[in-house]
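Residue-level structural notes
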Amino acid sequence: MAAEHTVLDPRTMRDVMGNFCTGVTVITALDGGDPLGFACQSFSSVSLDPPLVSFCPARTSTTWPKIREIGTFAINVLAESQRTLCAAFAVSGGNKFRGIRWAPGDNGAPAIEGALARVEATIENEVDAGDHTIVIARVTGLTTLHNGGPLLFYRGEYGHYSRM
Ligand SMILES: Cc1cc2nc3c(=O)[nH]c(=O)nc-3n(C[C@H](O)[C@H](O)[C@H](O)COP(=O)(O)O)c2cc1C
């Protein structure tokens, strides 16, 4: 296929960046007794020493400002079986945890049952970045929970991993 050079509009940005396949996480915190969370694919490892990760909440997110205020959260790395769960956490508002099995993790943030791994963290820094912000988070806990396959997101669709 010949390379196509296209205009720099948000739709094109989304489409072209969609070629970069990622895993998907749900970032959670406990607000008093109430669990909060939103689906997030912009998660990345940043530094090993000190242990830092990053992710980018949209400015339109209603959940991130609440998690920011709590300051302590968990990044749940989703397994391939959690596609429906992911969709529930990708909508704004409502009780996203209805029917979801979870328990407080080591730092109190909701640990979603069936996730592949969990990274517990606190906010180190947050930087403005257009219609999103970049959160740099300090890792306080790391757990691999099981060895199943990851949920992947590619060109706007879910998929699963297969080894070459
Ligand atoms: C696969 C996938 C990846 C997403 N990644 C992000 C992300 O990196 N950052 C973000 O702010 N929203 C992301 N979203 C959208 C949010 O999950 C959604 O806007 C959010 O749940 C809105 O709810 P809130 O208003 O409760 O924050 C993603 C959605 C999906 C389905």
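Residues numbered from 1 in each chain as written. Predicted model: local features only at pLDDT ≥ 70, side-chain atom pairs only at ≥ 80, totals over all residues. Heavy atoms only, no water.

Here we look at the UniProt feature "domain: Flavin reductase like" (unreviewed entry) in the protein
How we decide: UniProt positions are given in the numbering used here, feature names are shortened, and annotations may be inferred rather than shown by experiment. Helix numbers and strand numbers start at the N terminus; a helix is a DSSP run of H or I with at least 4 residues, a strand a run of E with at least 2.
Residues annotated by UniProt as "domain: Flavin reductase like" (unreviewed entry) correspond here to residues 17–160. From the first C-alpha to the last, residues 17–160 spans 18 Å; its make-up is 10% helix and 49% strand.

A closer look at the sheet that holds strand β3 (residues 34–40)
Note: strands within a sheet are paired through backbone hydrogen bonds, in either parallel or antiparallel orientation. We count it as follows: In this description, strands pair whenever DSSP reports at least two bridges between them. Axis definition: a line fit to C-alpha positions, over the contact stretch in the case of helices; interaxial angles, taken between N-to-C directions, run 0 to 180 degrees.
Read from one edge to the other, the open sheet built from seven strands follows the order β3-β2-β6-β9-β10-β5-β4, with strand pairing classed as antiparallel. A strand with exactly one partner marks an edge of an open sheet, and here the two such strands are β3 and β4 (44–47). Adjacent strand axes in the sheet meet at a mean angle of 35 degrees when their direction is disregarded. Where strand β5 (residues 52–55) meets strand β10 (residues 132–144), four bridges bridge the pair, whose relative direction is antiparallel. Within β10, the position partnered with L52 by the bridge is R138.

With respect to unusual backbone geometry
Following D49, the chain continues into P50 via a peptide bond in cis, with omega recorded as 5 degrees. Relative to the elements of secondary structure, P50 occurs in the loop between β4 and β5. Of note, R155 is a non-glycine position whose phi angle comes to about 50 degrees, a positive value.

Thoughts on the packing of aromatic side chains
What counts here: Pairing of aromatic rings covers Phe, Tyr and Trp, the last through its six-membered ring, and needs centres within 6.5 Å; plane angles under 30 degrees mean stacked, over 60 mean edge-to-face, and all others mean tilted.
For the structure shown, the criterion picks out six aromatic pairs. Ring geometry for F55 versus W64: centroids 5.3 Å apart, planes at 85 degrees, classification edge-to-face. Chaining the aromatic ring pairs together yields one cluster made of F55, W64 and F73.

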